[in-house]
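Tertiary structure, described
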Amino acid sequence: MQIVILKDAAAVAEYGAQIFIDQINRKQDSVLGLATGSTPVALYQELIKANQANKVSFKQVTSFNLDEYLGLDGDHPQSYRYFMNEQLFNHVDIDKSNTFVPPGDAQNPITACKMYENKISQSGGVDVQLLGIGRNGHIGFNEPSSSLASRTRVKTLTKETVEDNARFFAEGEFQPHLSITMGIGTILEAKKVVLLATGENKADAVRDMCEGAVSAVCPASALQFHQDAVIVIDEAAASKLVNAELYKHIEGENQKLQQYLAELKH
Ligand SMILES: N[C@@H]1[C@@H](O)[C@H](O)[C@@H](COP(=O)(O)O)O[C@@H]1O
């Protein structure tokens, strides 16, 4: 794991966005794995800025979102499809027919999950997967006890997740307790994974993910098995890491190495 600790949420968004911009500029037809939640919003704003300044183009990009609420169609303001349109797709030059979100309104959710997996494989697989993390260590909607080898499937949300996300729903409004989510096995197949976490309320989950045992109790800990996982966090989210100073030292050395390699090329 590459653990990058930065000053604040704005620095996290910029650092994360640059990984996506570099990826697309290296490979115009990149396949991106995208995420919802409040954490990636600032990163999406950076991508929109870069697109509008002609620093990156999404014309040939394909995207797959991690998850969707089961029972909401894409026009529902709380659906993750709607969120993606509002927060990113409507503002960049991406071809929306190349953007995929699990279908929350699928008549048969079980076959829809299989089809989603097939679609990802047919695209050649995800080049870079963006992730946030739930307070309980979930990634996508892979709640604690999820199989670390799981594939896209229907998952029941924990009470904690339903409560955390209740702020987006009006009082009395139907709030789904089921979701379709890429599995942990699906996520681990992405060539690169970038997880963002900001704020003190993520500090426990970040510690368990980076320094705890690999366990279904903290689904994000499975990223310890990924060969190219970058964890980008602010000081508040890093506040419970025992080895924070070590990670900062390693990152400093890593930056020097990257600079040396960049100079070698010229
Ligand atoms: N399914 C999403 C996750 O993908 C996201 O990581 C998590 C944290 O969201 P936030 O960034 O708002 O804390 O929320 C939801 O449960």
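Residues numbered from 1 in each chain as written. Predicted model: local features only at pLDDT ≥ 70, side-chain atom pairs only at ≥ 80, totals over all residues. Heavy atoms only, no water.

A few points about the side chain of Ser-30
Heads up, the condition is: Numbering goes from the N terminus for both helices and strands, where a helix is a DSSP run of H or I of at least four residues and a strand is a run of E of at least two. For the exposure calls, accessible area comes from a 1.4 Å probe over protein chains only, and a residue counts as buried if that area is under 20% of its type's maximum, exposed if over 50%, partly exposed in between. When checking whether two residues touch, look at their non-hydrogen atoms; a contact exists if any pair is within 4.5 Å.
Checked against the element boundaries, Ser-30 lands in the loop between helix H1 (9-26) and strand E2 (31-34). Residue Ser-30 is classed as buried on the basis of its relative accessible area, which comes to 0%. When near neighbours in sequence (up to four residues on either side) are disregarded, Ser-30 contacts Gln-23, Ile-24, Gln-60, Val-61, Thr-62 and Asp-127.

Thoughts on the UniProt feature "domain: Glucosamine/galactosamine-6-phosphate isomerase" (unreviewed entry) in the chain
Here is the rule: UniProt positions are given in the numbering used here, feature names are shortened, and annotations may be inferred rather than shown by experiment.
The UniProt entry lists residues 9-228 under the feature "domain: Glucosamine/galactosamine-6-phosphate isomerase" (unreviewed entry), expressed in the numbering used here. The span residues 9-228 is 33% helical and 14% strand by assignment, and the distance between its end C-alpha atoms comes to 22 Å.

Here's the deal with the sheet that holds strand E8 (residues 178-181)
Under the convention used in this document: Here, any two strands with at least 2 DSSP bridges between them count as paired. Note on geometry: axes are lines fitted to C-alpha atoms, helical ones only across the stretch in contact, with angles between N-to-C directions running from 0 to 180 degrees.
Taken in spatial order, the three strands of this open sheet run E4-E8-E7, and their pairing is antiparallel. One side of each edge strand has no neighbouring strand; the edge strands of this open sheet are strand E4 (67-69) and strand E7 (153-156). Neighbouring strand axes in the sheet, compared pairwise and without regard to direction, differ in orientation by 30° on average. Two strands pair when backbone bridges link them, and E4 and E8 are joined in this way by three bridges, in the antiparallel orientation. Within E8, the position partnered with Tyr-69 by the bridge is Ser-179.

Here we look at the nonpolar core
Stated precisely, the cut-off is as follows: To qualify as a nonpolar core, a set must consist of buried Ala, Val, Leu, Ile, Met, Phe, Trp, Tyr and Cys residues joined through side-chain atoms within 4.5 Å.
Core analysis: the largest hydrophobic core is formed by 65 residues, its most contacted members being Met-209, Ile-233 and Leu-241. Here this core gets seven residues from one element, more than from any other, and that element is H1. For Met-209, the residues in contact, after removing those within four places along its chain, are Met-1, Ile-133, Leu-195, Cys-218, Ala-220, Ser-221, Leu-223, Gln-224 and Ile-231. Core analysis: the next-biggest nonpolar cluster, separate from the first, contains seven residues, Tyr-69, Phe-141, Leu-157 and Phe-169 among them.

What to know about unusual backbone geometry
Even without glycine at this site, Asn-54 takes up a positive phi of about 60°. By secondary structure assignment, the location of Asn-54 is in the loop between helix H2 (41-52) and strand E3 (62-65). If you check the backbone angles, Ser-145 has positive phi at about 90° while not being a glycine. Its location among the elements puts Ser-145 in the loop between strand E6 (128-131) and E7. A relative accessible area of 57% places Ser-145 in the exposed class.

So, the site of the ligand
We apply this condition: Any residue with a heavy atom positioned within 4 Å of a molecule or strand is treated as near that molecule or strand. Within 3.5 Å is the distance limit for a polar contact, defined as a pair of N or O atoms, with the added protein rule that one can donate a hydrogen and the other accept it, and that residues adjacent in sequence qualify only through two side-chain atoms. Using a 1.4 Å probe, the Shrake-Rupley method yields the accessible areas, and only the shown protein chains count as cover for residues.
Near the ligand, the surroundings consist of 14 residues, among which Ser-38, Thr-39, Asp-67, His-138 and Lys-202 are the closest. A distance of 2.5 Å separates an oxygen atom of the ligand from a polar side-chain atom of Thr-39. Between the ligand and Ile-133 there is a distance of 3.3 Å, counted from an oxygen atom to a backbone nitrogen or oxygen. With the chains in place, 94% of the 390 Å² that the ligand exposes on its own is no longer accessible.

Here we look at the packing of H1 against H2
Between two packed helices, what matters for the description is the angle formed by their axes and the separation of those axes. Our working rule: What sets the label is the angle itself: under 35 degrees gives roughly parallel, over 145 gives roughly antiparallel, 65 to 115 gives roughly perpendicular, and the rest give oblique. Left-handed describes a crossing whose near helix is turned anticlockwise from the far helix by less than a right angle; the clockwise case is right-handed.
For the pair H1 and H2, interaxial distance at closest approach is 8 Å and the crossing angle is 50°. In terms of orientation, H1 lies oblique with respect to H2. The element H1 and its partner H2 pack so that their crossing is right-handed. For the pair H1 and H2, contact is made by Ala-13, Glu-14, Gly-16, Ala-17, Phe-20 and Ile-21 and by Ala-42, Leu-43, Glu-46, Leu-47 and Ala-50, respectively.

What about the packing of aromatic side chains?
Spelled out, the test is: Working definition: rings of Phe, Tyr and Trp (its six-membered ring) pair if their centres are within 6.5 Å, and the pair is stacked with planes under 30 degrees apart, edge-to-face with planes over 60 apart, and tilted otherwise.
Summed over the entire model, instances satisfying the criterion amount to six aromatic pairs. Centroid distance Phe-64 to Tyr-116: 5.7 Å. Interplanar angle 80°. Geometry classified as edge-to-face. Of this pair, Phe-64 sits in strand E3 while Tyr-116 is found in helix H4 (residues 109-122), placing the two residues 52 residues apart along the sequence. Judged by relative accessible area, which is 6%, Tyr-116 ranks as buried. Residues Tyr-80 and Phe-141 carry aromatic rings whose centres are separated by 5.8 Å and whose planes lie at 15° to one another, so their mutual orientation is stacked. With Tyr-80 in helix H3 (residues 80-87) and Phe-141 in the loop between E6 and E7, this residue pair connects regions lying 61 residues apart in the sequence. Each of the two residues, Tyr-80 as well as Phe-141, counts as buried.

So, the UniProt feature "site: Part of the allosteric site" (unreviewed entry) in the chain
On the UniProt side, "site: Part of the allosteric site" (unreviewed entry) is annotated at positions that read Ser-146, Arg-153, Lys-155 and Thr-156 here. The residue Lys-155 is located in strand E7 in this model. Relative accessible area serves as the criterion here: at 15%, Lys-155 is assigned to the buried category. Non-local contacts of Lys-155, meaning those with residues more than four positions away in its chain, are made with Phe-141, Glu-143, Ser-146, His-177, Leu-178, Ser-179 and Thr-181. Using a relative accessible area of 52% as the deciding quantity, one classes Thr-156 as exposed. Apart from the residues within four sequence positions on either side, Thr-156 is in contact with Glu-143, His-177 and Leu-178.

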